[in-house]
Amino acid sequence: AGHSSSRRVDSSAVMAPLWEIIGGADKGGIIVREGAATGSRACEQRLATGSKVEELSLQGERLQYRLISGSGPREGWVSVKLPGKELARKLAEGVPAQATAAPGTDGDPPEWDGLKPPKPRGKFVPEGTGRPQLAPWAPQLPDLPPKLQKAFPWTELLKNMSVQQFFGNIQELLANGGKTAGHHYGIEFPFSFEMIEAAGAEWLTRALHAAGTLPKDNRVVEMEARRTSGGGACLKAIIDCKYEKPSEDLHTKLFCKFPFPLSEEGFSQTWQWVCMMNNDGPEIDFARILSPGVPMRTPKYYFGDICPKTGMSLLITECLLFPEKDADFGPLELEPIPDKAVDYLLDDPFPYYDAIIRNAARLAAWGNNGKLGKDVLKVFTPPELPSMFAMGVKAKIPKFLDFARNVAPQLFAPDYADEKLEKSLFDTLPDIEGCQKELYEFLYADKNLIGLTHQNMNIDNAFFWRDETGKVESGFIDWGRFRQENYSTGIINGLSCCDLTEFVHSRDTELLQNFCEQYAKDHQPGIVTFERLWEHYMVNWCLQSLFLINLADSQIYPSWKYTQRDQWKTIKDYKDPRVFNMPNSNCGWVAMIRQFAHAWKAKDIPSWWLEFRKKNCTTPTPEEKAAAAAAKKAAKAKQKV
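Residues numbered from 1 in each chain as written. Predicted model: local features only at pLDDT ≥ 70, side-chain atom pairs only at ≥ 80, totals over all residues. Heavy atoms only, no water.

## Regarding the packing of aromatic side chains
Evaluated as defined, the whole model comprises 33 aromatic pairs. Centroid distance Y344 to Y574: 6.0 Å. Interplanar angle 75 degrees. Geometry classified as edge-to-face. You can see Y344 sitting in the loop between β14 (313–318) and α6 (349–369) and its partner Y574 sitting in the loop between α14 (551–559) and α15 (577–580), a full 230 residues away along the chain. An aromatic cluster of three or more residues is present, and its members are F400, F403, F412, Y416, Y557, W568, F596 and W600. In this structure, R507 packs its charged tip against the face of F350, placed 4.0 Å from the ring centre. (Phe/Tyr/Trp six-rings, centres within 6.5 Å; stacked < 30°, edge-to-face > 60°. Helix = DSSP H or I, 4+ residues; strand = E, 2+ residues; numbered from the N terminus. Lys NZ or Arg CZ within 6 Å of the ring centre and 35° of its normal.)

See below:
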């Protein structure tokens, strides 16, 4: 709801920056979102042009504000600038900086009181529940023409495209009414919910014919689309359809993934996603080329394409029929899909993570044993060194210590952030930061540990069922950024969002041993050894620490108003509904910062790093660099004398 407000200014108080909204006059104001990300949930009402707001924080061109005068949401996030357009202007005067009151301290029910915790999970029922059972998985690669056996050429078409060129391509697309032909099949395709709705059964028939997933003598006769939610990488919808000739091989409920709406406000994020991240093209390539033939169950592919000039995309697959979160499940029946970072609800987390890790090993093995085609490792190419490295860790450490000591100590072990920890962080992380290039070269030098890898093996990107004996089995969804990668990188990406820190760091040795065992079984013994995989795994913990240490400032505070700094005063632990309900499954960030904190001490990363560095790194230490700089300065001074 919108509000109008005014506030008397006390000139003796500490002044916070004040902004005036100057954009959006032709639209009734500018868009307000609940989080810093331009893909976060938009508020119903715009922030009116002419409103004055107090700056709570500023991240690049995203302003977190509190309304001072005018109308619109009382608090939120707005963009202060778009390409070629200013939306908000900082004023010379300010307002007294005020801390937000802790929720509920005035005696009223807190605003977040309606947020619900996750539902308890159902239990395994050996006799079954009567729901449909999964048919056996029979991997078989599709018979594709040569053109469709190639991956989308992102490097040539979109990688590092300039902002100006990309913006021009987007404007051209919008001027053309959003009509664009896909790279793979050459037909126009929709890339928004409204376009999917309007496309109808006739277009869906044409698309499935082009993809070869619907026989030419069959067609879609009815189609109805509806929105659905989940995840933060894209928007999603479900299509209910009917075929002229129904068949057990054709699903009547289809699942669609497509980009966030094109807008001037979200342009910068769209450009980064398309031209820097390369998420959607590889997911479509996996679905088209490999999904029917991989060793683990995946949703059936129906259609997918991508615009070669803008990266707008659409992926349509089978919609898996998951039961309600608290539903019981029997043998070969899909379990409720797990939520991210609430593994405390699982009856036993180990079988679930073991199933994920073993599937990762099977995928890696099949990429090397020929079962996915002799040229698969040419289609999905090896990783490259990052174009940019994580920097500024010295400035990030105090922010992490403040979070662990003063803001949310309840997330960590008692007295966790002591002086010994502080010293170890400052002694170790800047050194790791300086050695990043050598560390990535180390990870990518051993070709035995590089292969096909799911890039986001969080538990909510997998799905599960039990066999007739009650053993947990799994498949994968959400194959964004699919490519070759170091196996330990994929593993750590999967484990770091687990909320059970003790579990991860007491059972990860067993999980990695099982990866090696499964790889040997599906390919060849002796290629992936535990000792070597563990060493790479520890290197990844070192590298990940440079990113994870800054999560409070970069992700948790900006996620939404209920996890901003002052709100943690009343958050009891990470199971609080305000954490679980963070938009776009951002509760994973809370799990990740806790995993980093636990790993740092449980694995004694500082001591491990010193031993590894002696054997593998030649980059001078920060102390050596400082001494060399001082010597150089002294030599210059001596020359002047």
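## Some details on the domain arrangement of the protein
Looking at the assigned domains, one finds that the protein contains domain 1 (18–90), domain 2 (154–318) and domain 3 (333–629). Between domain 2 and domain 3, the C-alpha centre-to-centre distance is 30 Å. At the junction of the two partners, domain 2 supplies 22 residues and domain 3 supplies 24 residues. For the pair domain 2 and domain 3, the summed buried surface comes to about 1800 Å²; carbon and sulfur atoms form 71% of the total. Between domain 2 and domain 3 we count two salt bridges in total. Its salt-bridge partner being K257, residue D478 comes within 2.8 Å of it at the nearest N-O pair. When contributions to the side of domain 2 that touches domain 3 are tallied by element, the ones reaching two or more residues are α4 (267–277) and α5 (280–290). Here the residues of the side of domain 2 that touches domain 3 are counted per class, giving 10 nonpolar, six polar and six charged. (Domains from an automatic or database assignment. Contact = heavy atoms within 4.5 Å. Buried area = accessible area lost by both parts, 1.4 Å probe. Salt bridge = Lys/Arg side-chain N within 4 Å of Asp/Glu carboxyl O. Nonpolar A, V, L, I, M, F, W, Y, C, P; charged D, E, K, R; others polar.)

## Details of the pattern of salt bridges
Tallied over the full model, the rule gives 40 salt bridges. Residue E54 pairs with R66 through a salt bridge whose shortest N-O separation is 3.2 Å. Within this pair, whereas E54 is found in strand β3 (residues 52–59), its partner R66 is found in strand β4 (residues 62–69), the two being separated by 12 residues in sequence. The class of E54 is buried, set by a relative accessible area of 2%. The buried category is assigned to R66, whose relative accessible area is 8%. Across the pair E517 and R358 runs a salt bridge whose closest N-O atoms are separated by 3.1 Å. (Buried < 20%, exposed > 50% of the residue type's maximum accessible area, 1.4 Å probe, protein only.)

## With respect to the packing of helix α11 (residues 487–495) against helix α13 (residues 530–548)
Two measures define how a pair of helices packs: the angle their axes make with one another and the distance between the axes. Packing of α11 against α13 leaves a shortest axis separation of 9 Å and a crossing angle of 60 degrees. When the axis of α11 is compared with that of α13, the two are oblique. In the crossing of α11 with α13, the sense of the turn from one axis to the other is right-handed. Touching Y487, S488, T489, I491, I492, N493 and L495 of α11 are L533, H536, Y537, N540, W541 and Q544, all from α13. Classifying every residue of the contact of α11 with α13 gives seven nonpolar, six polar and no charged. (Axes fitted to C-alpha atoms, helices over the stretch in contact; angles between N-to-C directions. Parallel < 35°, antiparallel > 145°, perpendicular 65-115°, else oblique. Left-handed = near helix turned anticlockwise from the far one by under 90°.)

## Observations regarding the pairing of β4
By the criterion of burial, β4 is predominantly enclosed, with seven of the eight residues buried. Examined bridge by bridge, β3 and β4 share seven bridges and lie antiparallel to one another. Looking at the pairing, S57 lines up with Q64 of β4. Counting the residues between successive antiparallel strands, the hairpin from β3 to β4 contains two residues, one of them, G60, with a positive phi of roughly 65 degrees. One ladder, built from five bridges, connects β4 with strand β6 (residues 75–79); its direction is antiparallel. (Pairing = 2+ DSSP bridges.)

## Here we look at the sheet that holds β14
Taken in spatial order, the five strands line up as β10-β11-β12-β14-β13 in an open sheet, and their pairing is antiparallel. Each edge of the open sheet is held by one strand with a lone partner, namely β10 (220–228) and β13 (301–306). The sheet shows a mean angle of 20 degrees between the axes of neighbouring strands, direction not considered. Where strand β11 (residues 235–243) meets strand β12 (residues 253–258), six bridges bridge the pair, whose relative direction is antiparallel. Paired with I238 across the bridge in β12 is F255. Running at roughly 145 degrees to β13, α5 makes contact with β12, β13 and β14 of the sheet.

## Structural notes on the side chain of N586
Relative to the assigned elements, N586 resides in the loop between α15 and α16 (587–602). On the basis of relative accessible area, N586 is assigned to the buried category, the value being 14%. Side-chain polar atoms of N586 contact the side chain of S559, separated by 3.0 Å. (Polar contact = N/O pair within 3.5 Å; in protein donor to acceptor, adjacent residues only side chain to side chain.)

## A look at a nonpolar patch on the surface
Nonpolar side chains collect at one region of the surface, where M276, M277 and M388 lie side by side and expose about 300 Å² of accessible area between them. Examined against the element boundaries, M276 turns out to sit in helix α4. Of the residues examined, M276 reaches a relative accessible area of 34% and is grouped as partly exposed. (Patch = residues over 30% accessible without salt bridge, like charges linked within 9 Å, V, L, I, M, F, W, Y side chains within 5 Å. Areas by Shrake-Rupley, 256 points an atom, 1.4 Å probe, with all protein chains shown as cover.)

## Side note on the side chain of R62
Among the structural elements, R62 can be located in strand β4. A distance of 2.9 Å separates a polar atom in the side chain of R62 from a polar atom in the side chain of S79.

## Describing the nonpolar core
In this structure, L290, F303, F400, F403, L425, F515 and W568 are the most contacted members of the largest nonpolar core, which totals 154 residues. If one sorts the elements of this core by residue count, α6 sits on top with 12 residues. When residues of this core are assigned to domains, at least three map to each of domain 2 (154–318) and domain 3 (333–629). Residue contacts for F400: discarding those within four places in its chain leaves F412, Y416, L421, L425, I549, I593, F596 and A597. (Core = buried A, V, L, I, M, F, W, Y, C linked by side-chain atoms within 4.5 Å.)

## Notes on α5
The buried fraction of α5 amounts to 11 of the 11 residues, a majority that puts the element mostly inside the structure. Residues of α5 that are buried: D280, G281, P282, E283, I284, D285, F286, A287, R288, I289 and L290. Buried residues in α5 make contact with β12, α4, β13, β14, α7 (376–379) and β15 (450–453).

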